[in-house]
Amino acid sequence: MATPKPTTCKEAIKKFETAKGVKAAEEVKVLLYAQVPPIEKMDAALQTLTACEHLSLSTNNIEKIQPLTGLENLKILSLGKNLIKKLDNLDGVAETLEELWISYNLVEKLKGVQQLTKLRVLYASNNRIEDFDELNKLTELSKLEELLLVGNPIFTEAEEPNAEGSDYRLMVLKRVPQLMKLDGIPVTSEEREKAATFEPAPEE
């Protein structure tokens, strides 16, 4: 039995329009998640979504973020549960994007995220981030309030990562002191103060 061809973004947009009885180009929220068969490639059809503020492409088989030129109003980009390894081609939405949902992918490096100057929320749980220094790319994002890293090696290999004042939380906050919430848990002023001067104990 032949493998069905992947759904194209153009086809997914048409399905969305038919199901909702709308014109996608005029919609503020466009939901293209969990297509059957899954979307494998972000293509130029997405550039027609000029009014879109919230675009969901989660639960597909997308391997690469393609340029998002034309999405001048995009504030929330949902790409969870795909096969993405790198945060490429985000420059087209660098001026507007406030939330990037990228959990359950294959991301090891955060290169590319530092240009998202308006970013408030980064959901990056269940990826492959294993080096705390990757978080240095978030240091300059002054508006970043909420970060989710549960399920990454830096979280799973830490001792009691969710405990207030844990080494893991202090290591993150040392690099990203502007956070208000880490892994769903509010950041305390004590943690922020401790993190500023925190040095982890050397490994034996």
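Presented here is a report on the structure given in the accompanying data block. All of these numbers come straight from a predicted model, not from anything done at the bench. (Residues numbered from 1 in each chain as written. Predicted model: local features only at pLDDT ≥ 70, side-chain atom pairs only at ≥ 80, totals over all residues. Heavy atoms only, no water.)

**Considering the overall build of the chain**
For the chain, the count of helices and strands is four helices and eight strands. N-terminal to C-terminal, the α/β element order of the chain is α-β-β-β-β-β-β-α-α-β-β-α. Over its C-alpha atoms, taken along the principal directions, the chain stretches across nearly 55 × 40 × 25 Å. Counting only residues that meet the buried cut, the chain has 42% of its 204 residues in that class. The long-range share in the chain, meaning contacts at least 24 apart out of those at least 6 apart in sequence, stands at 43%. When the accessible area of the chain is evaluated, it comes to approximately 11000 Å², of which 50% is carbon and sulfur surface. Of note, the chain has its 26 positive side-chain charges centred 8 Å away from the centre of its 34 negative side-chain charges. (Helix = DSSP H or I, 4+ residues; strand = E, 2+ residues; numbered from the N terminus. Buried < 20%, exposed > 50% of the residue type's maximum accessible area, 1.4 Å probe, protein only. Contact = heavy atoms within 4.5 Å. Areas by Shrake-Rupley, 256 points an atom, 1.4 Å probe, with all protein chains shown as cover. Lys, Arg positive; Asp, Glu negative; His and termini not counted. Charge placed at Lys NZ, Arg CZ, Asp CG, Glu CD.)

**Topic: a negative patch on the surface**
Taken together, Glu 108, Glu 130, Asp 131 and Glu 157 make up a surface patch of like negative charges. You can see Glu 157 is positioned in the loop between helix H2 (153-156) and helix H3 (167-175). (Patch = residues over 30% accessible without salt bridge, like charges linked within 9 Å, V, L, I, M, F, W, Y side chains within 5 Å. Salt bridge = Lys/Arg side-chain N within 4 Å of Asp/Glu carboxyl O.)

**Some points on the pattern of salt bridges**
Tallied over the full model, the rule gives six salt bridges. Notably, a salt bridge pairs Arg 120 with Glu 98, separated by 3.5 Å at the nearest N-O pair. Of this pair, Arg 120 sits in the loop between strand E4 (99-101) and strand E5 (121-123) while Glu 98 sits in the loop between strand E3 (76-78) and E4; the two residues are 22 residues apart in sequence, bridging distant segments of the chain. For Glu 98, a relative accessible area of 23% gives the class partly exposed. Close ionic contact of Asp 133 with Arg 175 constitutes a salt bridge, the shortest N to O distance being 3.1 Å. Of the two residues, Asp 133 sits in the loop between E5 and strand E6 (146-148) while Arg 175 sits in helix H3, which places them 42 residues apart along the sequence. The class for Asp 133 is partly exposed, based on a relative accessible area of 41%.

**Looking at the layout of surface pockets**
Estimates place the volume of the second largest pocket at around 150 Å³. Taken together, Lys 85, Lys 86, Leu 87, Asp 88, Asn 89, Leu 106, Glu 108, Lys 109, Lys 111, Gly 112 and Gln 115 form the lining of the second largest pocket. Split by residue class, the lining of the second largest pocket holds two nonpolar, three polar and six charged. (1 Å grid on protein atoms, 1.4 Å probe; cavity = no way out; pocket = protein on both sides within 12 Å on 5 of 7 lines; lining within 4 Å. Points joined across faces, edges and corners; volume = space filled by probe spheres on them. Nonpolar A, V, L, I, M, F, W, Y, C, P; charged D, E, K, R; others polar.)

**Looking at the packing of H3 against helix H4 (residues 189-197)**
The relative placement of two packed helices is expressed as an angle between their axes plus a distance between the axes. Where H3 contacts H4, the axes come no closer than 8 Å and their chain directions differ by 75 degrees. Between H3 and H4, the angle is such that the two are roughly perpendicular. On the side of H3, the interface is formed by Arg 169, Leu 170, Leu 173 and Lys 174, while H4 contributes Glu 191, Lys 194, Ala 195, Ala 196 and Thr 197. Of the residues contributing to the contact of H3 with H4, the split by class is four nonpolar, one polar and four charged. (Axes fitted to C-alpha atoms, helices over the stretch in contact; angles between N-to-C directions. Parallel < 35°, antiparallel > 145°, perpendicular 65-115°, else oblique.)

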